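# Breakdown of the fold
Chain residues, written in single-letter form:
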Amino acid sequence: MATHHESLVRPRPKWLKPFGSEVNWGDAIFRTLTLLFALVVVAALAGMAVQMLKASKLSLATFGLGFITSTSWDPVQDQFGALPFIFGTVVSSLLALVLAVPVSLGIAVFLTEMCPAWLKNPVAFLIELLAAVPSVVYGLWGIFALAPFMREVVEPALEATLGFLPFFQGPAQGFGMLTGAVILAIMITPTVSSVSREVLNAVPSTLREGSYALGATRWETLRTVILPFARSGLVGATILGLGRALGETMAITMVIGNRPQMSASLFAPSYTMASVIANEFTEATGDLYLSALAEIGFLLFAVTLILNIVARALVWRVARLPAGGRL
Amino acid sequence: MSRITGEHHALRKFTNAAFSAACVVATVIAVVPLFGILYYVAARGMQGINWDFFTQLPKPVGETGGGMANGILGTLKLVGLASVMGIPPGVLAGVYLAEFGQTRMGSVVRFSADVLSGIPSITVGIFIYSLVVLTTKTFSTIAGALALAVIMLPTVTRTTEELLRLVPESLREAALGLGVPKWRATLRVMLRTAAPGIAVGIMLAVARVAGETAPLLFTAFSNRFWSDSLLEPTASLPVQIYTYAVSPFEDWHRQAWAAALVLVSLVLILNISARLLVRNRVRKQ
């Protein structure tokens, strides 16, 4: 066998080595060009982190860690503490999860395990449409339909039945934490249910069939066979929903009442991190005020970034997420 | 045998029935708000909408009448410009991921796109504010469109990647076998085959940014006058819905509902036609 043989393909000049292994010029240019645009995506994320850190530098330097433990928000005195907003965001989002996760899991189970085939796509589509309605339209509906309904029906009923708990006391105002949580719950249901559905679909049907063959009912199959397999993916779906709830802005701003206070009562107005940015950013006078708002934005950015990473890692253990959908 | 037909069996059947019923109820509960919102938007929006809404500018505070012609133009400007800035880079980045993405670089890009799509849209607003608005010293259509483009980018990228991956490799091999260079095979064969699916993904991305409000608040801001410039602050339907909804004026509420009807119709038409396009393609195959 010859140690050296002629190639039919034109050899590639040595000096082009650093630019990749393509023989064809067009290929090298094409790969570089698409790589540049792919880097735009990375740059957008990195640029966001850097810009927001830069914008919040002044506030970070002035208040340090005290920013997240202080409750005073007084632009006149240049005193800024984010705790009431963190409280509002965390409580409203967790409450939304409590409301949305059982419903979403129910939908996912209905669509994967029970639903007749002809009904599957229409129902899934209707629930996806919930995600397509713009946030500001939810807010509009919240102001004129949901808030009055909460004030006149839901809140009095809760006070009459569970009024001995501190959460359900005080005047029913309609605009407050509970209404905010309900609207968030409606908005994250499509996210949680569609990811849960992907996860349940990824459970091998042989497992299911084996369980049914042993005489297990649907509930027993779900509890003993499907859930153990799908658990991490379902937790991931929940965390993705949490990430959406934390960052949701317009709808909750329009119904939560926008008062920076921490009240045990769920009927009382509250304020979230995203809402305070939406309401005060354009009106903020003074560098420190603007920087404090930017720091709230940075906190929100960092928390949702981490939640997204964790959630995707959990879901990927079970199923692939639908393409590029913002979840 | 006694165990199966006895009390235990009845309990098991009951638990199962209760659970199944709960799942059905959950699905019904989730669909109720959708119809509630659509009903409200349709009913109140139809009352509020008239010819003036499409042709007139907003009247000064306190006067009734007027319309949102400037907001409609603004939304068209913002969404159009955002599409121009967001779609081509997104598609090319998606091509990179599908064709050259099995590397560490590919994983980094894919990861960034996924994370970027979960970031709250209001923080994108702060990003563009400090990047563009502070530099140019003015709110502008360009700033708003850039914010929307950043939101579209990851969706378009990942959709393009996924759909390119669905194209059978044999098509590429046939092209390469005919002596077509790889880049032309990608553009003329792979991308063209995947194009209808990618178009559907893009429609959904456009529908999503058309209703975005939060990132526009401090990038495009708002404007009560007619503005066809790209360098001035501009009105947009979502921001106008917000301002009008939280205002104390009855007539502004009416117009907010009318605007919501226009916006929701736009978004639903895009969504439903995307869905129909997908279904027709599936049928043909």
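Everything numeric in this text was worked out from a predicted model, so none of it was measured. (Residues numbered from 1 in each chain as written. Chains lettered and ligands numbered in written order. Predicted model: local features only at pLDDT ≥ 70, side-chain atom pairs only at ≥ 80, totals over all residues.)

### Brief notes about the overall build of chain B
- On a plain count of helices and strands, chain B comes out with 11 helices and 0 strands.
- Each helix and strand of chain B, placed in order from N terminus to C terminus, yields the pattern α-α-α-α-α-α-α-α-α-α-α.
- Against the 2.2 N^0.38 benchmark of 19 Å for 285 residues, chain B shows a C-alpha radius of gyration of 24 Å, more extended than a compact globule.
- Considering only C-alpha atoms, chain B reaches an extent of 80 × 70 × 35 Å along its principal axes.
- Within chain B, the fraction of its 285 residues that count as buried is 49%.
- Considering only residue pairs separated by 6 or more positions, chain B has 72% of its internal contacts joining residues 24 or more positions apart. (Helix = DSSP H or I, 4+ residues; strand = E, 2+ residues; numbered from the N terminus. Rg over C-alpha atoms; globule rule 2.2 N^0.38 Å. Buried ≥ 20, exposed ≤ 12 C-beta atoms within 10 Å, placed from the backbone. Contact = placed C-beta atoms within 7 Å.)

### Side note on the overall build of chain A
- Across its full length, chain A carries 11 helices and 2 strands.
- Listed by position from the N terminus, the elements making up chain A come as α-α-β-β-α-α-α-α-α-α-α-α-α.
- Computed over its C-alpha atoms, the radius of gyration of chain A comes to 26 Å, more than 25% above the 20 Å expected for a compact globule of 327 residues.
- Projected onto its principal axes, the C-alpha positions of chain A cover 95 × 65 × 30 Å.
- Counting every position in chain A, which comprises 327 residues, the buried fraction comes to 50%.
- Partitioning the contacts of chain A with sequence separation of at least 6, the portion at a separation of at least 24 is 75%.

### Thoughts on the confidence of the model for chain A
- Averaged over chain A, the pLDDT score is 89; the fraction of residues at 70 or greater is 91%.
- Between residues 323-327 of chain A, whose pLDDT stays under 50, and residues either more than four places distant or in other chains, the model counts 20 contacts. (pLDDT = per-residue confidence, 0-100.)

### Overview of the nonpolar core
- Within the largest apolar cluster, 183 residues are counted, with the highest numbers of intra-cluster contacts made by A:V137, B:I241 and B:A260.
- Considering each element in turn, this core owes the most residues, 15 residues, to helix α3 (residues 83-114) of chain A. (Core = buried A, V, L, I, M, F, W, Y, C linked by C-beta atoms within 7 Å.)

### A word on the environment of A:F80
Residue and element names in this part refer to chain A.
- With respect to the helices and strands, the residue F80 is situated in strand β2 (residues 79-80).
- In this structure, the C-alpha to C-alpha distance between F80 and T34, residues 46 residues apart in sequence, is 45 Å.
- In this structure, F80 is in contact with S59, F63, F67, W73 and A292, ignoring residues within four places of it in sequence.

### Some details on the interface of chain A and chain B
- Every contact between the two is made by 73 residues of chain A and, on the other side, 74 residues of chain B.
- Of the residues forming the side of chain A that touches chain B, the biggest block, 20 residues, is contributed by helix α1 (residues 25-55) of chain A.
- Among the residues making up the side of chain A that touches chain B, the classes are represented as 49 nonpolar, 18 polar and 6 charged. (Nonpolar A, V, L, I, M, F, W, Y, C, P; charged D, E, K, R; others polar.)

### Comments concerning the packing of helix α4 (residues 69-100) of chain B against helix α5 (residues 104-116) of chain B
Residues and elements named next belong to chain B.
- Between α4 and α5, the shortest axis-to-axis distance is 10 Å and the interhelical angle comes to 140°. Taken together, the axis directions place α4 and α5 in an arrangement best described as oblique. Our pair here, α4 against α5, has a crossing hand that is left-handed. Contact residues: A93, L97 and F100 in α4; G106, V109 and R110 in α5.
- Classifying every residue of the contact of α4 with α5 by side-chain character gives 4 nonpolar, 1 polar and 1 charged. (Axes fitted to C-alpha atoms, helices over the stretch in contact; angles between N-to-C directions. Parallel < 35°, antiparallel > 145°, perpendicular 65-115°, else oblique. Left-handed = near helix turned anticlockwise from the far one by under 90°.)

### Here we look at unusual backbone geometry
- The phi torsion at A:D78 lies on the positive side, around 60°, for a residue other than glycine.
- Turning to its location among the elements, A:D78 is positioned in the loop between β1 (73-74) and β2.
- One non-glycine residue with positive phi stands out, namely B:K137, at about 65°.
- The topology assignment puts B:K137 in the loop between α6 (121-136) and α7 (141-166).

### Digging into the environment of A:V98
Residues and elements named next belong to chain A.
- Mapped onto the elements of the fold, V98 is located in helix α3.
- Judged by the 11 C-beta atoms lying within 10 Å of it, V98 is exposed.
- The spatial distance from the C-alpha of V98 to the C-alpha of A181 is 9.4 Å, given a sequence separation of 83 residues.

### Some thoughts on the confidence of the model for chain B
- The share of residues in chain B with pLDDT of 70 or more is 96%, and the mean pLDDT across the chain is 91.
- Predicted complex metrics record ipTM = 0.92 and pTM = 0.91.

### Thoughts on the packing of α7(B) against helix α9 (residues 182-210) of chain B
Residue and element names in this part refer to chain B.
- As a packed pair, α7 and α9 sit with axes 9 Å apart at the nearest point and diverge in direction by 150°. Classified by the angle between their axes, α7 and α9 sit roughly antiparallel to one another. When you trace α7 past α9, the crossing you get is right-handed. When α7 is examined against α9, the residues L148, I151, M152, T155, V156, T159, T160, L163, L164 and L166 are found in contact with a partner set consisting of M190, A194, G197, I198, G201, I202, A205 and V209.

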